[in-house]
Amino acid sequence: MSLPMVVPDPRLPSSVTIYEVGPRDGLQNEQTVVPVDVKVELVERLVTAGLPVVEVTSFVHPKWVPQLADAEELLDRVDHTNGIPMPVLVPNERGLDRALAKGVRHIAIFGSATETFARRNLNRSLDEQFAMFEPTVTRALDEGMDVRAYVSMCFGDPWEGEVPIDQVVAVGKRLLDLGAYQLSLGDTTGVGTTGHVTALLDAFNAAGVPDDRLAMHFHDTYGQALANTYAALLHGVTTFDASAGGLGGCPYAESATGNLATEDLVWMLDGLGIRSGVDLPALAATSRWLAGHLGRPSPSRVVNAGGGA
Ligand code: HMG
Ligand code: MG
């Protein structure tokens, strides 16, 4: 069976936005550097498959993430100004300068809910990360850019263990207060479970942050990503990050594996009759093509089962 039977659930939203992170979160963790020609084709194929937003690369230090050191060249070669939003990760003013030089209109800053990961991923303390983001976001907003914010380690941290919900909400609110339009809640190492998702969303709502300012960013390390997505859908969240073929991870969090596979998400949404605008056959064909370039099967269950073929 290549597409699911459609059986809607009236408790769920009628449409969602899929924020595709494959070219960035997916490829930042590859052992080898994927040629820029392949990246360009990947981005173009994702757009053709109907993804409404594609995060394409990062303007981070090239020594920290050599896999994305070709950010400038990629932006020269994809149409990031006329079509759908193509955000890039930007940690600081140096990254913003590079993004502005390429005419980028959408950026994402990425904070940490924990002290240890702030140091490991950004070389800053928890408080110092805000000193880095604040002037970056102020300038980006002055330039008329859209700024999204991520917060990592929302559901647990491999070095610190459990992360208190209050701590996640406090960091998330500080990031939103800088002027970000949306906060993406990252389960960086995929440890969260459904009740935790509901409790975290309840806590954000209680702190004055409604579901429509939030997105969920699930990694599938422990096989919980789709269940957690369902819990967030039931709560009322309508933006979900996902990575074509289930690639991904964070090079500064070794236990992070792939993101929720976009195909697995689209299969569930299609079955529930929830519109995403994504063409599952075109997307699955893209991930099979990419798996060929990477030399190994896609981690996506739907891709491997022949879904959409
Ligand atoms: P640092 O070493 O503290 O940087 O790194 P610095 O500010 O001290 O500057 C040192 C030198 O680096 C300077 O050069 C800067 O110009 C240069 P010098 O004057 O010595 O010649 N520099 C840069 N060069 C190019 N682009 C830049 C840049 N910034 C400084 N942007 C820094 C601090 C933040 C740069 C570093 O820690 C870094 O690049 N970190 C990025 C790590 C990363 O990309 N991690 C993966 C993404 S996060 C993720 O995957 C999680 C997420 O998916 C959500 C989830 O799953 O939870 C988003
Ligand atoms: Mg991630």
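Note that this is a predicted model, so its numbers are computed, not measured.

Details of the coordination of the magnesium ion (ligand 2)
Within the protein, Asp-25 (OD), His-217 (NE2) and His-219 (NE2) serve as the donor atoms for the magnesium ion (ligand 2), at 2.1 to 2.3 Å. For the magnesium ion (ligand 2), the donor residues sit on a single chain with the sequence spacing D-x191-H-x1-H. For His-217, a relative accessible area of 5% corresponds to the buried category.

What to know about the environment of Leu-260
In this fold, Leu-260 is placed in the loop between strand S9 (239-242) and helix H10 (262-271). Setting aside anything within four residues of it in sequence, one finds Leu-260 in contact with Phe-218, His-219, Asp-220, Ala-225, Leu-226, Thr-229, Asp-241, Ala-242, Ser-243 and Leu-265.

Digging into the packing of aromatic side chains
The description of two aromatic rings rests on the distance between their centres and on the angle between their planes. For the structure shown, the criterion picks out 2 aromatic pairs. With a centroid separation of 6.3 Å and 15° between ring planes, the pair formed by Phe-117 and Trp-159 is classed as stacked. Taken as a pair, Phe-117 in helix H5 (residues 115-122) and Trp-159 in the loop between strand S6 (146-152) and helix H7 (165-177) lie far apart in primary sequence, 42 residues in all. Aromatic pair Phe-155 and Phe-218: ring centres 6.2 Å apart, planes at 50°, arrangement tilted. In this pair, Phe-155 sits in the loop between S6 and H7 while Phe-218 sits in strand S8 (residues 214-218), placing the two residues 63 residues apart along the sequence.

Quick word on the site of ligand 1
Neighbouring ligand 1 are 27 residues; Gln-28, Asn-92, Arg-124, Ser-152 and Thr-188 lie closest to it. Between ligand 1 and Val-60, the relevant distance is 3.4 Å, taken from a nitrogen atom to a main-chain nitrogen or oxygen of the residue. In isolation ligand 1 has 1,100 Å² of accessible area, and contact with the protein removes 75% of it. A majority-of-atoms criterion places ligand 1 in the largest pocket. Mapped by element, the contributors of at least two residues to the shell around ligand 1 are helix H1 (22-26), helix H4 (93-101), H5 and S6. Of the residues forming the shell around ligand 1, the biggest block, 3 residues, is contributed by H4.

Description of the layout of surface pockets
Put simply, the largest pocket is a space of about 560 Å³. What lines the largest pocket is a set of 37 residues, among which Val-60, Pro-91, Phe-110, Asn-121 and Leu-122 lie closest to the centre. Counting residues per element, the ones that place at least two in the lining of the largest pocket are H1, H4, strand S5 (106-112), H5 and S6.

Concerning helix H9 (residues 225-235)
Buried within H9 are the following residues: Ala-225, Asn-228, Thr-229, Ala-231, Ala-232 and Leu-233. Backbone geometry just after H9 places Gly-236 at a positive phi near 125°.

Some remarks on the pairing of S9
Taking every second residue as pointing to the same face, both faces of S9 are buried, with Thr-239 and Asp-241 on one and Phe-240 and Ala-242 on the other. Looking at chain direction, strand S1 (residues 17-20) and S9 are connected through 4 bridges and run parallel. Counterpart to Ile-18 in the pairing with S9 is Phe-240. Strand direction decides the pairing type here: S8 and S9, joined by 2 bridges, are parallel.

As for the environment of Thr-114
Mapping Thr-114 onto the fold places it in the loop between S5 and H5. Overall, Thr-114 belongs to the buried group, its relative accessible area being 0%. Along the sequence, Thr-114 and Leu-12 sit 102 residues apart, while their C-alpha atoms lie 32 Å from each other. Discounting residues that sit within four places of it in the chain, Thr-114 has contacts with Leu-126, Met-153, Asp-157, Glu-160, Val-163 and Gln-167. Looking at Thr-114, its side chain comes within polar contact range of the main-chain nitrogen of Phe-117, at 3.3 Å.

Focus on the confidence of the model for the protein
Mean pLDDT over the protein works out to 95, with 98% of the residues at or above the 70 mark. No element of the protein has a lower mean pLDDT than helix H12 (residues 301-305), which averages 90, and none a higher one than helix H8 (residues 194-206), which averages 99.

Thoughts on the sheet that holds S1
Read across the sheet, 9 strands follow the order S2-S1-S9-S8-S7-S6-S5-S4-S3 without closing on themselves; strand pairing throughout is parallel. Each edge of the open sheet is held by one strand with a lone partner, namely strand S2 (53-54) and strand S3 (57-58). Contacting S5 and S6, helix H6 (residues 126-142) runs over the sheet at an angle of about 170° to S5.

Criteria and cut-off values
- Residues numbered from 1 in each chain as written.
- Chains lettered and ligands numbered in written order.
- Predicted model: local features only at pLDDT ≥ 70, side-chain atom pairs only at ≥ 80, totals over all residues.
- Heavy atoms only, no water.
- Donors = N, O, S within 2.8 Å, 3.2 Å for Na, K, Ca; no water.
- Buried < 20%, exposed > 50% of the residue type's maximum accessible area, 1.4 Å probe, protein only.
- Helix = DSSP H or I, 4+ residues; strand = E, 2+ residues; numbered from the N terminus.
- Contact = heavy atoms within 4.5 Å.
- Phe/Tyr/Trp six-rings, centres within 6.5 Å; stacked < 30°, edge-to-face > 60°.
- Near = heavy atom within 4 Å.
- Polar contact = N/O pair within 3.5 Å; in protein donor to acceptor, adjacent residues only side chain to side chain.
- Areas by Shrake-Rupley, 256 points an atom, 1.4 Å probe, with all protein chains shown as cover.
- 1 Å grid on protein atoms, 1.4 Å probe; cavity = no way out; pocket = protein on both sides within 12 Å on 5 of 7 lines; lining within 4 Å.
- Sits in = over half its atoms within 2 Å of the grid points.
- Points joined across faces, edges and corners; volume = space filled by probe spheres on them.
- Pairing = 2+ DSSP bridges.
- pLDDT = per-residue confidence, 0-100.
- Axes fitted to C-alpha atoms, helices over the stretch in contact; angles between N-to-C directions.

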